[in-house]
Amino acid sequence: MNDKITIYQKPTCSKCRAALTLLNESGKEFDSINYYEKSMTIELLRELTRKLNMSVRDILRTDEPMARSTGSATDEELLQLMVENPDLIQRPIVVRGDRAILGRPPENVKKILE
């Protein structure tokens with residue numbers, strides 16, 4: 001397994017900060033990407049949904065006001081909206097090799113460290 005670990009996160013998010021703490025405590029090296037500074041692409045989001053084994057709609061933050069009007073949106077339309085509005089993406093997402101987990105709750109991060 002590729003041991004490279006990457007976390008896609010937002011520094012002001014409490015779940016992201018908790019996930020970062022778990023990663024730091026693990027002693028494993030990881031890359032931290034603030035996807036508000038380094039925007040995600042549609043291709044990256046597609047890859048992440050594949051690794052998460054989730055649908056595009058599964059990684060949509062449905063509690064965001066903008067998400068309420070996406071009922072009939074296609075996956076491609078949702079991906080474009082997420083690229084343009086990163087608040088619509090569930091976070092944090094932690095990747096290790098060909099696996100990824102959604103760090104909600106943050107304790108899920110432990111699964112990717114095993």
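Residues numbered from 1 in each chain as written. Predicted model: local features only at pLDDT ≥ 70, side-chain atom pairs only at ≥ 80, totals over all residues. Heavy atoms only, no water.

1. Some points on the overall build of the chain
Thought 1: Within the chain, the secondary structure is distributed over 4 helices and 4 strands.
Thought 2: Its C-alpha atoms give the chain a radius of gyration of 14 Å, within 12% of the compact-globule value 13 Å for 114 residues.
Thought 3: Its C-alpha atoms put the chain at 45 × 30 × 25 Å along the principal axes.
Thought 4: In the chain, which comprises 114 residues, the proportion classed as buried is 47%.
Thought 5: Put simply, of all contacts in the chain between residues at least 6 apart along the chain, 60% involve residues at least 24 apart.
Thought 6: As displayed, the chain has an accessible area near 6300 Å², and 46% of this comes from carbon and sulfur atoms.
Thought 7: Of the charged side chains in the chain, 18 are positive and 18 negative; the average position of the first set lies 4 Å away from that of the second. (Helix = DSSP H or I, 4+ residues; strand = E, 2+ residues; numbered from the N terminus. Rg over C-alpha atoms; globule rule 2.2 N^0.38 Å. Buried < 20%, exposed > 50% of the residue type's maximum accessible area, 1.4 Å probe, protein only. Contact = heavy atoms within 4.5 Å. Areas by Shrake-Rupley, 256 points an atom, 1.4 Å probe, with all protein chains shown as cover. Lys, Arg positive; Asp, Glu negative; His and termini not counted. Charge placed at Lys NZ, Arg CZ, Asp CG, Glu CD.)

2. So, the sheet that holds strand β4 (residues 99–102)
Each strand in a sheet pairs with its neighbour through backbone hydrogen bonds, running either in the same direction (parallel) or in the opposite one (antiparallel).
Thought 1: With respect to topology, 4 strands assemble into an open sheet ordered β2-β1-β3-β4, the strand pairing being mixed. Two strands bound the open sheet, and with one partner strand each, they are β2 (30–34) and β4. Going from strand to strand, the sheet's axes swing by 15° on average, the running direction of each strand aside.
Thought 2: Across 4 bridges, strand β3 (residues 93–96) lies against β4 in antiparallel orientation. Bridge pairing in β4 links V95 to A100.
Thought 3: Those strands touched by helix α2 (residues 42–52) are β1 (5–9), β3 and β4, and its axis lies near 90° from that of β4. (Pairing = 2+ DSSP bridges. Axes fitted to C-alpha atoms, helices over the stretch in contact; angles between N-to-C directions.)

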